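# Results of the structural survey
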Amino acid sequence: MADAALPAARRSPLAHAADRLAAVGRDTGGALELAELPLLTQIDVRLDPQGAAADAVGLVLGLRLPVEPGTAVRAGNLTALWLGPDEWLVLGPPGSRQDLESRIRGAVGDEPVSVTDVSAQRTTLLVAGPRARDLLAHGCPLDLHPRAFPAGRCAQTTLARTQVVLVAPDEPGGGFRVLVRSSFAGHLTDWLLDAATEWRT
């Protein structure tokens, strides 16, 4: 009997660019740091924010689903991003998809809810360093000053004419997370690498 084919190991969309991204920190003397945060778990959750399910999901995840537009809530290794009045994106560490889906589905019981794994849809880039806001400002229409886009904020916007979800640093000096569709990840990476040359030492 022929051996059953084993599923291929999942490869991140930017695995081929890891060395080029890492070189930015050296080339800019630490002014910028770029890296992929590969294979993060991403679960899209849709439910009534006023219903019992919202409280139940918040309880089981250990964080409250944000209800203010453009906000993010982080607790431990999980982050919930507000995407719409009844939609959130829950980010977790690689390999946590089954656990997260199971916990969310178990919490809501018979309440109407949509829980969809979208982990393969996007990858995540980390843009950090003292000049991170300057770099992003070259291609993003948002005001990224800390007063306008502080910790706890997220936005669906464009960067280098590419649709992204941008998440503000969790703390001063931290890095921005840029969630980009996998099919556009190469383009956005090339743009970031090119724009970063302005700060090359």
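Scroll up to find the structure this text is about.
Quick notes on the rules
Residues numbered from 1 in each chain as written. Predicted model: local features only at pLDDT ≥ 70, side-chain atom pairs only at ≥ 80, totals over all residues. Heavy atoms only, no water. Helix = DSSP H or I, 4+ residues; strand = E, 2+ residues; numbered from the N terminus. Rg over C-alpha atoms; globule rule 2.2 N^0.38 Å. Buried < 20%, exposed > 50% of the residue type's maximum accessible area, 1.4 Å probe, protein only. Expected span 1.5 Å × (residues − 1). Arc of directions from axis to C-beta. 1 Å grid on protein atoms, 1.4 Å probe; cavity = no way out; pocket = protein on both sides within 12 Å on 5 of 7 lines; lining within 4 Å. Points joined across faces, edges and corners; volume = space filled by probe spheres on them. Nonpolar A, V, L, I, M, F, W, Y, C, P; charged D, E, K, R; others polar. Pairing = 2+ DSSP bridges. Axes fitted to C-alpha atoms, helices over the stretch in contact; angles between N-to-C directions. Contact = heavy atoms within 4.5 Å. Core = buried A, V, L, I, M, F, W, Y, C linked by side-chain atoms within 4.5 Å.

So, about the overall build of the protein chain. The secondary structure content of the protein chain amounts to 5 helices and 10 strands. Here the C-alpha radius of gyration of the protein chain, 18 Å, is about what a compact globule of 201 residues would show, namely 17 Å. Projected onto its principal axes, the C-alpha positions of the protein chain cover 60 × 60 × 30 Å. Counting the 201 residues in the protein chain, one finds 45% classified as buried.

Before going further, it helps to spend a moment on helix H3 (residues 97-108). Count 3.6 residues to each turn of an α-helix, and residues three or four apart come out pointing the same way. If you check H3, its first and last C-alpha atoms are 17 Å apart, about what 12 residues at 1.5 Å a residue would give, namely 16 Å. All of the buried residues along H3 are Leu 100, Glu 101, Ile 104 and Val 108. Looking straight down H3, one finds its buried side chains confined to an arc of 95°; they lie on one side. Exposed residues lying more than 90 degrees from the buried face of H3 are Gln 98 and Gly 106.

Following the criterion strictly, the structure yields 1 cavity of 30 Å³ or more and no others. Taken together, Arg 10, Pro 13, Leu 37, Leu 39, Leu 40, Gln 42, Ser 119, Arg 122, Thr 123 and Thr 124 make up the full set of residues lining the largest cavity. Its residues assigned to classes, the lining of the largest cavity comprises 4 nonpolar, 4 polar and 2 charged.

Sheet architecture is open: 5 strands sit in the order S3-S4-S5-S2-S6, paired in antiparallel fashion. At either end of the open sheet lies a strand with only one pairing partner, and these are strand S3 (72-75) and strand S6 (114-117). For this sheet the average axis-to-axis angle between neighbouring strands, irrespective of direction, equals 20°. With 4 bridges joining them, strand S2 (residues 41-46) and S6 adopt antiparallel strand pairing. Each bridged residue has a counterpart across the sheet, and for Asp 44 the counterpart in S6 is Thr 116. Together, S2, strand S4 (78-84), strand S5 (87-92) and S6 form the strand contacts of H3, whose direction differs from that of S2 by roughly 20°.

As a further point, take the nonpolar core. Within the largest apolar cluster, 31 residues are counted, with the highest numbers of intra-cluster contacts made by Val 127, Leu 136, Val 178, Leu 188 and Leu 192. Sorting the residues of this core by element identifies helix H1 (18-27), strand S7 (122-128), helix H4 (132-137), strand S8 (154-159), strand S9 (162-167), strand S10 (176-181) and helix H5 (182-196) as the ones contributing at least two each. The dominant element in this core, judged by the number of residues it contributes, is H5, at 6 residues. By size, the runner-up hydrophobic cluster in this structure holds 18 residues, among which are Ala 53, Leu 78, Trp 82 and Val 115.

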